Amino acid sequence: MKSISLIQFLIEERRAGHVNAELSLLIEVVARACKRSAVATNKGALGGVLGMAGSADALSMNIQGEAQKKLDVISNEILLEANAWGGHLAACASEEMEDPQPIPDMYPKGNHLLLFDPLDGSSNIDVNISVGTIFSVLRCPDGVVEPKAVDFLQPGTTQLAAGYVVYGPATVLVLTFGHGTHEFTLDREVGSFVLSRRDIKIPEEATEFAINMSNQRHWEAPMQRYIGELLAGKEGPRGKDFNMRWVASMVADVHRIVTRGGVFYYPLDAKIKAQGGKLRIMYEANPMAFIIEQAGGAATTGRERIMSLQPTALHQRVPVFLGSKKEVEVATRYHVAADGAQG
Ligand code: P6P
């Protein structure tokens, strides 16, 4: 198959009317920034980029109250710097920053809002397990010159594009504009992303599930029942055996599902119920939901479609059930039925 570069693909998408020139430039810039993050991540111990940011007695903390890794800060800076000058953005928002970052006054502003988790799964960096970048693109509301957090609070259905880059054995970009989900693999010798899978379709049935089992005793009753049935396997009500994986890096777990199917769950549990969940809707759940739905999968909170939610805060958290459509529907049905039974 003749190799198609990301740039050629973007030109095809522009000719098809799926993206405009500004959005196409935005994706190119983000992809190039992620190549730089890949280089920094791949240096490992040799690059002085492992370990925590800040000093031993004063760790650098992000808005989430989490101690930042050096690579969290580095990858965040790479994305901010790369997107400042191109004229394609009105502002950025990041997991690592409390407030949106405006485009500096010396540069022209564009019509898009970019949100990202610059290095998702960063707790895995020091043990050399795959991490990644997740991003989502929204339209800047008409007439808004200095976007504030409220201007980012748009439902996932309004996303113009979403994607992730997984820094694994290969560096892989997965992207959607709402016309299918497509995969690009970085050709390190040439330095460009090359189309490796077009219009991906996830199997509707799953035989593999991803969840952090150590939280089991804290789950809601329908989740206890549902996972218990998966674990019961062939002898249980599901009549088949399931396999389990948990990388604790959403990008890696989701990429496995995009590649071979399966489901990923981060449900509510008693420890995180007060904060609404673990994963953030604006730059983790919504972009991943867009990618998964465009590949024929489903993404819910266990009760409703993630992309239909009206966000109420920039760093809002939600439960995440995503992956093979029919399996996500089973888990969601158990929760809706349990709610109904409670009246
Ligand atoms: P736990 C990483 O911190 C993350 O945000 C996701 O990438 C990942 O799926 C999840 O949290 C892991 O959570 O509770 O297993 O450490």
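Bear in mind the structure is a predicted one, so any value in this text is a computation, not a measurement.

1. A short note on the overall build of the chain
A count of helices and strands for the chain gives eight helices and 17 strands. Overall, the chain is about 60 × 55 × 45 Å in size when its C-alpha atoms are taken along their principal axes. For the chain, the separation between the mean place of its 34 positive charges and that of its 39 negative charges on side chains is 4 Å.

2. Things to note about the packing of helix 2 (residues 21-43) against helix 3 (residues 70-84)
Packing of helix 2 against helix 3 leaves a shortest axis separation of 9 Å and a crossing angle of 155 degrees. Relative to helix 3, the element helix 2 lies roughly antiparallel. Considering only the axes of helix 2 and helix 3, their crossing is right-handed. In this structure, helix 2 contributes Val29, Val30, Ala33, Arg36, Ser37, Ala40 and Thr41 to the contact, and helix 3 contributes Leu71, Ile74, Ser75, Ile78, Leu79, Glu81, Ala82 and Asn83. Grouping the constituent residues of the contact of helix 2 with helix 3 by class yields nine nonpolar, four polar and two charged.

3. Some points on the site of the ligand
Looking at the ligand, there are 13 residues lining it, with Asp120, Asn212, Trp246, Met250 and Tyr266 nearest. In the environment of the ligand, an oxygen atom lies 3.0 Å from a nitrogen or oxygen atom belonging to the side chain of Trp246. A distance of 2.6 Å is found between an oxygen atom of the ligand and a side-chain nitrogen or oxygen belonging to Tyr266. For the ligand, whose free accessible area comes to 400 Å², the fraction covered by protein is 82%. Mapped by element, the contributors of at least two residues to the shell around the ligand are strand 13 (263-266) and strand 14 (279-280). A class-by-class count of the residues in the shell around the ligand yields six nonpolar, three polar and four charged.

4. Focus on the pattern of salt bridges
Evaluated as defined, the whole model comprises 19 salt bridges. For Lys326, the salt bridge goes to Glu205, with nearest N and O atoms at 3.8 Å. Here the residue Lys326 occupies a position in helix 8 (residues 325-342), and Glu205 occupies one in the loop between strand 10 (192-197) and strand 11 (208-210), the gap between them amounting to 121 residues. By relative accessible area, Glu205 is classed as partly exposed at 44%. Note that Glu284 is salt-bridged to Arg280, the shortest N-O span being 3.0 Å. Among the residues examined, Glu284 registers a relative accessible area of 1% and is labelled buried. Taken together, the shared-partner salt bridges in this structure form one network comprising Glu208, Asp253, Arg256 and Arg260.

5. Re the domain arrangement of the chain
If you check the domain split of the chain, you get domain 1 (6-197) and domain 2 (208-342). The distance between the C-alpha centroids of domain 1 and domain 2 comes to 24 Å. Interface of domain 1 and domain 2: buried area, both sides summed, is about 2900 Å²; carbon and sulfur atoms make up 61% of it. Summed over the three residues of domain 1 that lose the most area to domain 2, namely Ile134, Leu153 and Tyr164, the buried surface amounts to 20% of that side. Here domain 1 is connected to domain 2 by one salt bridge. The partner of Arg280 in a salt bridge is Glu95, with the nearest N and O atoms 2.8 Å apart. In this assembly, domain 1 and domain 2 are joined by 17 residue pairs in polar contact (both at pLDDT 80 or more). Elements with a minimum of two residues in the side of domain 1 that touches domain 2: strand 3 (89-94), strand 5 (112-120), strand 6 (131-139), helix 4 (149-152), strand 7 (161-167), strand 8 (171-176) and strand 9 (181-187). When residues in the side of domain 1 that touches domain 2 are grouped by element, the largest group, seven residues, is from strand 6. Grouping the amino acids of the side of domain 1 that touches domain 2 by side-chain chemistry returns 24 nonpolar, 19 polar and seven charged.

Each value, and the rule that gives it
Residue indices begin from 1 for each chain and proceed along its sequence in written order. The model is predicted, so local features are restricted to residues of pLDDT at least 70 and side-chain atom pairs to those at 80 or more, both for listing and for counting; the totals for chains, interfaces and linings are taken over all residues. Neither water nor hydrogens contribute to the side-chain values; these are computed over all heavy atoms in the structure. Elements are defined by DSSP. Helices are runs of H or I of four residues or more, strands are runs of E of two residues or more, and each kind is numbered from the N terminus. In summary, the charge assignment counts Lys and Arg as positive and Asp and Glu as negative, without counting His or the chain termini. The location of each charge is read from NZ of Lys, CZ of Arg, CG of Asp or CD of Glu. Under this scheme, a helix contributes an axis fitted over its contacting stretch, all axes are lines through C-alpha atoms, and angles between N-to-C directions fall in the 0 to 180 degree range. Angles are sorted into four bins: roughly parallel if under 35 degrees, roughly antiparallel if over 145, roughly perpendicular if 65 to 115, and oblique for all others. Whether a crossing is left-handed or right-handed is set by the direction in which the near helix is turned from the far one by less than a right angle, anticlockwise for left-handed and clockwise for right-handed. Contacts are assigned to residue pairs that have any heavy atoms within 4.5 Å of one another. Gly counts as polar in this scheme, as do all residues outside two lists: the nonpolar Ala, Val, Leu, Ile, Met, Phe, Trp, Tyr, Cys and Pro, and the charged Asp, Glu, Lys and Arg. Here, proximity means that at least one heavy atom of the residue falls within 4 Å of the molecule or strand. Whenever two N or O atoms come within 3.5 Å, that pair is a polar contact, provided that in protein one can donate a hydrogen and the other can accept it, and provided that, for residues adjacent in sequence, both atoms are side-chain atoms. All accessible-area figures derive from a Shrake-Rupley calculation using a 1.4 Å probe, and residue coverage is judged against the displayed protein chains alone. A side-chain nitrogen of Lys or Arg and a carboxyl oxygen of Asp or Glu constitute a salt bridge if their distance falls within 4 Å. Buried, partly exposed and exposed residues are distinguished by accessible area as a fraction of the type maximum, computed with a 1.4 Å probe on protein chains only: under 20%, between the cut-offs, and over 50%, respectively. Domain limits in this description derive from either an automatic procedure or a database domain assignment. Simply put, the buried area is the total loss of 1.4 Å probe accessible area from both parts when two parts are fitted together.

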